[in-house]
Every structure is written in C-alpha cells, then in structure tokens.
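Breakdown of the fold
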Amino acid sequence: MVEFSSDKMKEVQRIIEFYPEGKQKSAVIPVLHLAQQEFGGWLSSATMDYVASLLKLEPIEVYEVATFYSMYNLKPVGKYMFEVCHTGPCMLNGSDDIIAYIGEKLNIKPGQTSADGLFTLKTVECLGACGYAPMMQLGKNYREHLTKEKCDAIIEECRKNSSMNN
Amino acid sequence: MGKKILIDKVHIPGIRGYEVYRREGGYAAAEKAFKMAPADIVEEVKKSGLRGRGGAGFPAGMKWSFLAKPEGVPRYLVCNADESEPGTFKDRYLMEFLPHLLIEGLIISSFALGSNRTYIYIRGEYSWIVDILEEAIAEANTNGFLGKNILGTGFDCQIYVQRGAGAYICGEETALLESLEGKRGNPRIKPPFPAVKGLWDCPTVVNNVETLAAVVPILNMGGDAYAKIGIGKSTGTKLISACGNINKPGVYEIDMTISVEEFIYSEEYCGGIPNGKKLKACIPGGSSVPILPANLLLTTAKGEKRMMTYESLSDGGFATGSMMGSGGFIVLDEDQCVVRNTLTLARFYRHESCGQCSPCREGTGWMEKILHNIEYGKGKMSDIDLLWDIQRKIEGNTICPLGDAAAWPVAAAIRHFRDEFEWHVMNPQESQQRNYGLAGYANPREVLV
C-alpha cells in the first residue's frame, strides 16, 4: 500500500505551502523526491498515481515529470546506488578506472544491480564536484577524491551498515 | 595578492551560522538597504557594472531595470542555483560555506525588486546544501531579516528552496521557471522575457547565486567603489572553479586584473601542472566555451598577455579566443586526449538535450556517435568534416543556448586540434589501445556502453 506516514504528510503540506494558493503543481518535483525516498528508492506507477492524487494532478502530469529528470528511478535499484560521474573533468582525473574497478569488484556493469540487491552502479553526468574528482554520489552525500582503496572502504561500509540494519 | 570581497571570510570558524556571520559584519548591507529606496539599490547595482556570473555575463543592473511593474501583480526573484556546467562548482562552495552571504544578497535584491516570495532553485544532487540553506533562512527569520514587516519597513519577504531533480537544462532561466512550475524543463520561446512574463506568468528576475551574493559587497562599498576593481567592463571579483590537471584544484576569488598564466602557475592559485607535465589546452569558462591550445590560452593572437577578464578571454572571437563563461576552468596536461575529452562533453550534451528542437536533439546524438567512432579507431577522414557540418547546423538553430553550448566545444576542438582527430583516424589500432586514466585499469570500450 502506497501511503505517506502522518509525519511525511506534514512534510508534503510544508512543501505545498512554498507556493501561492492553487500552484501546488509546483510541488510535484520535491514530493516525487520524498516518495522515491519513502517507497523503496524508485517510482512505481502506483507511487506516481498516489503523488498525482495528493497534488490533485492528472497522472500524466506526474509521469511526464518523472521521466524527464535523471534523479528519478523508474525501475527498482539496489539499496546503495553508486552514481559515478564520468564527464570531462572527472574523466581527466581517472573516473573510467574507478567505474571499471567498482564494476569488476561487484561483478556488474553500469546500469546493473548486484545479485544480492545491495548495489547499483550508475554512470552520471557532471555533479559539480569537478575540483574533487573522481567522485560519486551515494545517497544524500558526495564521496570525492576517489581511489580504488576508497571504493573498497565505501563498499565495506555499505555492507556493514546493511547487516546492522537487518 | 588579489583583492577578495566575496569569500574573504570563508575560513573564519562558525561563519556558516548567523551569530558569527553577523559579528563579522554580516547583514550590515541589508540594514543599509532597508534605509534606501528600492530604485536607489537598483541604481547602485547598475553603477557597479556587475555582470551576471552564471555564464552569459549580462549586466545585472540592466536586467533588474527591465522588470515590469504592473499594478496588483506579484513580482518574483528566483536564484539560479542549478549549477551544472561541467567544470563549475563555485556556487556550491558559496552556498555550502557562506550560506548567509547568499541569503543576505537575496533579501536585499528581493527588497530592491519588490519580491515577497523568493525562490532558490537548486540542483537536486546538492541535497545536503538544501539543509544548510534552510537553516540559514530559519536564522534570518528568527532575527527579523525575513518574514513580515522586515526591520519595520512594512516589507514582507520569504525565501523558499526548491530542489531540481537532475537536468542541466534547468540552468537555462526559462527551463528553470518551467521546472519551478512543476513541469518538464523545456525552455520557453523568448520573447516574452521573464522580466515581463516569468514565473506563473508574473514579472520575474532570475539571477545566478554568485551574482546575488555580490550584491552584498556592492551595497557595503557602494557601486562606484566596486566598479573600480578589475579592468574595463570586467568589474569586481569573479569566482573561478579550477579543475582538471592542476596541483591545487578548488574555488578561487580573483579580482579581474591577473593573467591566465599567473592563474595557472602561481602558488596563490592553481599551483601549476602536476608531475612537471606541460600545459596542453584549457577550457577556461565551463565545458561549453571553446577549448584553447596552450599558446593561444596564454597569449592572444595579437601577441598580448591573455588576462582573466571577460574581454581578454574572448579576444579574437571564436577563431583564436574563448569566453569567461561560468568560470569553470578546466586544464588538460600534455598526456590528455582532446578527442576523448570532446567525446565526454558531446555525450553530456546529448544526455542533457531536452529534445524540443530537432537540430539539438538529433545533432547532439550524431556528434557523440561520430566522436565515439573516431575515438575507438572506427572513424573516417570524412567524419571530421561531417562533425564540423553538424555542429554548424545546430548553432543558432535552437530555442535555447544548449544547442550552441553543444556545438562550440566540438567546433573548437576541430579548429585547434584537427591533427589529433586525423591521428585517430590514421592510427586505429593505437587509438583503441591508448591508455587513459590513472592506472590503465579500464578497458574504455566497456565503460562507455
């Protein structure tokens, strides 16, 4: 069942109040972020329909937004998503090596999720960390100045966090 | 030592919070502004010569004076924090470490323009910065600089932070407004310009983070004093985010009086190229601006020293010059491959094209494919001319400047490094085997799929 908790509903209300009355369509992008975070890291059509009903929009108005922006996942992803930048400045600093290394270590290619469902590897375009390259986004934060050793440590950290939560 | 007026206090511990920021002279400009008439604030900004720091370099005061003021219609100020131009990470630095500087600049600008609801549209990936900004906004509210009847002037203002969700195109001001209205980021046809018909069809000003932050020192020192810093029409200071193959990547504030050579090699700034390598090329203003080979970067075609100013960087036009752009300064050392660098940029623009205009939607994809073939030893000599032809047909034929931004890097790479493209075509084996990156671990063919 797709439904926000009462706490999250308060957050939705707070977002809607950012905009003048009747302009709650503007809330679709932040509310989709919230929905993706709450409902398993991706947007199913049930989730998108739910967001549409909350904001009194037609479902298509939500679909067209969800399919336009690259941060929304339209299919299930692993518990931890490594979004590694590979645009110009990161490439100059060896991002291709990092992507290949993570891929080999987890036995996945960019765009795939590991068999245990823990990790998804994704290549992304410039995230604005060019001076601290190579880098990846992991959840809310950036991990910068990546080396193979740092990637090992990040993978270990994720495995440890995951087993602690279970 | 250059003059610093924007990020001079960034290293003071606790400057991110209201108390320390205030103790260090923060919000004095806001207090001053609220004693002035809004039109006089606009006048100060005009006098300062401040140019838009997002990339286009359009005079900010002039943009403000275009704002329509019909009776009974709300006006909006929107801060463009969608920083997505490859090589650019200066706004992030400002917001992360000096959030109150931006908030103060926004308060002053909102008062000057009469915006009671002001939005910061920030790229979705900078999600931790949203918390920093919201905390600063809450502090400004508590201390009476936001909310109702600010400092007893009768002026009400609130600032809201809106996250994007991953789209370079939303840095274009009309696409940003579409996104802020909860739609896909498709740029609008101009005119009407946002100053007349912007957010929810109301008059709107959209300015970059650095531009709005610069309003604070302008108010503090006065527009005339600000205009005295720098050379010619490049007034004030500019944040440069330096990256690529340099010893000290990071964000630097420069007063626009130093040379490009000094910026790259002096210890105060980039600190030279690592491992004693030579400078090969540089993209001085974010990925969209033309790449320049070392000789043309350091000296203009006229033989003058090239300076870090709007005018000097664009000296010679696109034939022998480049642009200041967003200040994203990307340095390539002698071992880097221009074809490969151009390929990653072409891929970027293909990925970010909104798909509205066919020259850009189709052309960016073709350019990426052709560059991919050349890079991986499957190119033909005629491909180089084909590439030139495609970029020429994109430029100027699209609703927004993304088409130009995609065309320029390809054009400049061919213009200045044609021999490197030809080398790839003539040496398919070597170009496949060439080793890129740090340790030669990757087989780039697999990575790129």
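Thresholds applied
Residues numbered from 1 in each chain as written. Chains lettered and ligands numbered in written order. Predicted model: local features only at pLDDT ≥ 70, side-chain atom pairs only at ≥ 80, totals over all residues. Helix = DSSP H or I, 4+ residues; strand = E, 2+ residues; numbered from the N terminus. Contact = placed C-beta atoms within 7 Å. Rg over C-alpha atoms; globule rule 2.2 N^0.38 Å. Buried ≥ 20, exposed ≤ 12 C-beta atoms within 10 Å, placed from the backbone. Domains from an automatic or database assignment. Core = buried A, V, L, I, M, F, W, Y, C linked by C-beta atoms within 7 Å. Pairing = 2+ DSSP bridges. Axes fitted to C-alpha atoms, helices over the stretch in contact; angles between N-to-C directions. pLDDT = per-residue confidence, 0-100. Nonpolar A, V, L, I, M, F, W, Y, C, P; charged D, E, K, R; others polar. Expected span 1.5 Å × (residues − 1).

Turning our eyes to something else, we now look at the overall build of chain A. Scanning chain A from N- to C-terminus turns up seven helices and four strands. Within chain A, contacts between residues separated by at least 24 positions form 54% of all contacts whose residues are at least 6 apart in sequence.

Moving on, we come to the overall build of chain B. Each helix and strand counted, chain B has 20 helices and eleven strands in total. At 22 Å, chain B has a C-alpha radius of gyration in line with the 22 Å of a compact globule built from 449 residues. Counting the 449 residues in chain B, one finds 54% classified as buried.

Further remarks concern the domain arrangement of chain A. Taken as a whole, chain A is organised into domain 1 (6–66) and domain 2 (80–165). With centres defined by C-alpha atoms, the gap from domain 1 of chain A to domain 2 of chain A works out at 29 Å.

The next subject is the domain arrangement of chain B. In terms of domains, chain B is made up of domain 1 (18–228), domain 2 (240–333) and domain 3 (338–437). For domain 1 of chain B and domain 3 of chain B, the distance between their C-alpha centroids amounts to 36 Å.

A separate point is the nonpolar core. Core analysis: the largest hydrophobic core is formed by 182 residues, its most contacted members being Leu32 and Val51 of chain A together with Val78, Ile107 and Ile108 of chain B. Top element by residues in this core is helix H18 (residues 402–426) of chain B. It accounts for eleven residues. Contact partners of Leu32 of chain A, with chain neighbours within four places excluded, come to Leu43, Val51, Val65, Ala66 and Tyr72 of chain A together with Ala165 of chain B.

Another aspect to go through is the sheet that holds strand E11 (residues 328–333) of chain B. Residues and elements named next belong to chain B. The five strands are arranged E8-E7-E11-E9-E10 in an open sheet whose pairing can be described as mixed. Across the chains shown, the open sheet's two edge strands, defined by having one partner strand only, are strand E8 (250–255) and strand E10 (292–293). Pairing analysis gives two bridges linking strand E9 (residues 279–283) to E10, with the strands arranged antiparallel. Bridge pairing in E10 places Cys282 opposite Leu292.

Moving on, we get to the sheet that holds strand E4 (residues 141–143) of chain A. All names here are of chain A. As summarised here, the arrangement of the four strands in space is E2-E1-E3-E4, forming an open sheet in which the pairing is mixed. Whereas interior strands pair on both sides, the edge strands pair on one side only; in this sheet they are strand E2 (119–124) and E4. Adjacent strand axes in the sheet meet at a mean angle of 30° when their direction is disregarded.

Quick look at the environment of Leu121 of chain A now. Residues and elements named next belong to chain A. Locating Leu121 in the fold gives a position in strand E2. Classification of Leu121 by C-beta neighbours within 10 Å gives buried; the count is 23. In this structure the C-alpha to C-alpha distance between Leu121 and Leu74, which are 47 residues apart in sequence, comes to 15 Å. Other than its neighbours up to four places away in sequence, Leu121 contacts Phe82, Ile102, Gly103, Leu106, Ile108, Pro110 and Gln112.

Attention shifts here to the confidence of the model for chain B. All names here are of chain B. With 96% of its residues at a pLDDT of 70 or more, chain B has an overall mean of 93. pLDDT under 50 marks residues 435–449. Its contacts with residues more than four places away, or in other chains, come to 26 contacts. Two numbers describe this predicted complex: its pTM, 0.94, and its ipTM, 0.96.

Attention now goes to the pairing of E11 of chain B. Residue and element names in this part refer to chain B. In terms of residue burial, E11 counts as a mostly covered element, since five of its six residues are buried. One ladder, built from four bridges, connects E9 with E11; its direction is antiparallel. The residue bridging Cys282 from the neighbouring strand is Val331, located in E11.

Each side of the interface is counted separately: chain B has 54 residues, and chain A has 40 residues. Among the elements of the structure, helix H7 (127–142), strand E3 (158–163), helix H8 (173–180), strand E7 (237–244), E11, helix H15 (338–352) and helix H20 (444–448) of chain B are those that each provide at least two residues to the side of chain B that touches chain A. Residue composition of the side of chain B that touches chain A, by class: 22 nonpolar, 23 polar and nine charged.

Residue pairs three or four apart in sequence face the same way in an α-helix, which turns once every 3.6 residues. With 15 residues, H15 of chain B should reach 21 Å at 1.5 Å per residue; the first-to-last C-alpha distance of 21 Å fits that figure. Across the 15 residues of H15 of chain B, 14 count as buried, placing the element largely inside the fold.

So, about the pairing of strand E4 (residues 204–208) of chain B. Residues and elements named next belong to chain B. The buried fraction of E4 is high, at five of five residues. Of the two faces of E4, the one carrying Thr204, Val206 and Asn208 and the one carrying Val205 and Asn207 are both buried. By the bridge criterion, five bridges tie strand E1 (residues 75–81) to E4 in an arrangement that is parallel. When the bridges of E4 are listed, Cys79 appears paired with Asn207.

Attention now goes to unusual backbone geometry. Omega for the bond connecting Ala133 of chain A with Pro134 of chain A falls within 30 degrees of zero, at -10°, which places this linkage in the cis form. With respect to the element layout, Pro134 of chain A can be found in the loop between E2 and strand E3 (136–138). Despite not being glycine, Asn149 of chain B has its phi angle at roughly 50°, a positive value. For Asn149 of chain B, the position within the fold is in the loop between H7 and E3. You can call Asn149 of chain B exposed: it has 10 C-beta atoms within 10 Å. A positive phi angle is found at Trp200 of chain B, which is not glycine, with a value near 45°.

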